[in-house]
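# Secondary and tertiary structure notes
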Amino acid sequence: ILTGFILSSLVSFLLIPHFIRLLERFRFGKQIREEGLIGKALEFAQLHQYKTGTPTMGGFIIIFTTLVIIILSVIGHTLEWRIGTLDLHLSHSLWSRAETYLPIFTLVSVGLIGMADDYLNIREIGRTKGLSARVKMILLILFASIAAWWFYDKLGYTSLDIPFFGTIGVSWLYIPIFILVIVGTANSVNITDGLDGLAGGLLLFNYILYSFISYQHGLFLLSTLCMVISGALVSFLWFNIKPAKFYMGDLGSLSLGATLAVIAMMTNTLFVLLITGSIFFFETISVILQLGSKKLRNGKKIFRIAPFHHHLEAIG
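Residues numbered from 1 in each chain as written. Predicted model: local features only at pLDDT ≥ 70, side-chain atom pairs only at ≥ 80, totals over all residues. Heavy atoms only, no water.

A separate point is the nonpolar core. Note on soluble globular proteins: their nonpolar side chains tend to be buried together. Within the largest apolar cluster, 70 residues are counted, with the highest numbers of intra-cluster contacts made by Ile62, Tyr207, Leu233, Phe246 and Leu256. Setting aside anything within four residues of it in sequence, one finds Ile62 in contact with Ile229, Ala232, Leu233, Phe236, Met248 and Leu256. (Core = buried A, V, L, I, M, F, W, Y, C linked by side-chain atoms within 4.5 Å. Buried < 20%, exposed > 50% of the residue type's maximum accessible area, 1.4 Å probe, protein only. Contact = heavy atoms within 4.5 Å.)

Shown next, in the form of structure tokens:
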């Protein structure tokens, strides 16, 4: 588990400078959106204008590094290496149907949704410079619905562990709950991704914690996968803390948020996620309150800018 973390950190740390130069060469720089969910987001655009042109899609390197480590583990599983008198052989690879197929599939699939949004934003395609909130939501719900059906029908998940009450059977209600958790977490991480190091730092804490939780559940390969992602996040943060050399983008925030939620559902620790991810969810609530206030109070706002971290930024 620790080897996965260290190897992932080293591989991503060596790759990131080259990746940033590649993004700069192809002009994959961030474009600041002026269109808000309701009206114009002019104050936000003015506050973040300096970020225009900074390379984005940094989440790609996290996913790529994770896949590289998985491939290396598969190779290590099938080969035996001899270094001097030491025999090295991995008894299990990270490509495991029982433990890692679902998180890896989520990481890549939702990453493609984020990649499409980032690319459209970079090329300034579409009215909102990227996928509209409605299209993004439809795609996430479609993915989450397929995953929910798989958990319910194929894997037999029909209950939730609730603190102080134990395991509660929810039958078919597991499907809408699952969809809500996946879509809500993915969007919440995406909303939180707005200040240098914020989303990456919070994700790092969560993935390290879920490595411990997975270990406690006897899911040692899933625990290793969490630490591999954590290792890539450590290197990402080195280049993402202020002033950021590049940004995570929707490619990273959506995919890592959805994958975290899938791991929480696999370990049946939804209520742990509600605590450890509370900042993500509070950020989303701040957006909902802002939109509700604008609609019900003739455009009056609660915060200078939503989500809340931009409000704090705006007031200094």
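The residue Ser145 is located in helix α5 (residues 133–154) in this model. Since its relative accessible area comes to 28%, Ser145 is described here as partly exposed. The spacing of Ser145 and Ile182 is 37 residues in sequence and 9.4 Å in space, taken between C-alpha atoms. (Helix = DSSP H or I, 4+ residues; strand = E, 2+ residues; numbered from the N terminus.)

This part covers helix α8 (residues 220–240). End to end, α8 covers 30 Å across 21 residues, agreeing with the expected 30 Å (1.5 Å per residue, within 8%). α8 sits mainly inside the fold: 18 of its 21 residues count as buried. (Expected span 1.5 Å × (residues − 1).)

Moving on, we get to the packing of helix α4 (residues 101–122) against helix α9 (residues 249–266). Viewed as axis vectors pointing N to C, α4 and α9 meet at an angle of 155°, and their least axial separation amounts to 7 Å. If you check the angle between α4 and α9, you find them roughly antiparallel. Two packed elements cross with a definite hand, and for α4 against α9 that hand is right-handed. Facing α4, whose interface residues are Leu102, Pro103, Thr106, Leu107, Val110, Gly111, Ile113, Gly114, Met115, Asp117 and Asp118, α9 presents Gly249, Asp250, Leu251, Leu254, Ser255, Leu256, Ala258, Thr259, Val262, Ile263 and Met266. Each residue belonging to the contact of α4 with α9 can be placed in one class, and the counts come to 13 nonpolar, 6 polar and 3 charged. (Axes fitted to C-alpha atoms, helices over the stretch in contact; angles between N-to-C directions. Parallel < 35°, antiparallel > 145°, perpendicular 65-115°, else oblique. Left-handed = near helix turned anticlockwise from the far one by under 90°. Nonpolar A, V, L, I, M, F, W, Y, C, P; charged D, E, K, R; others polar.)

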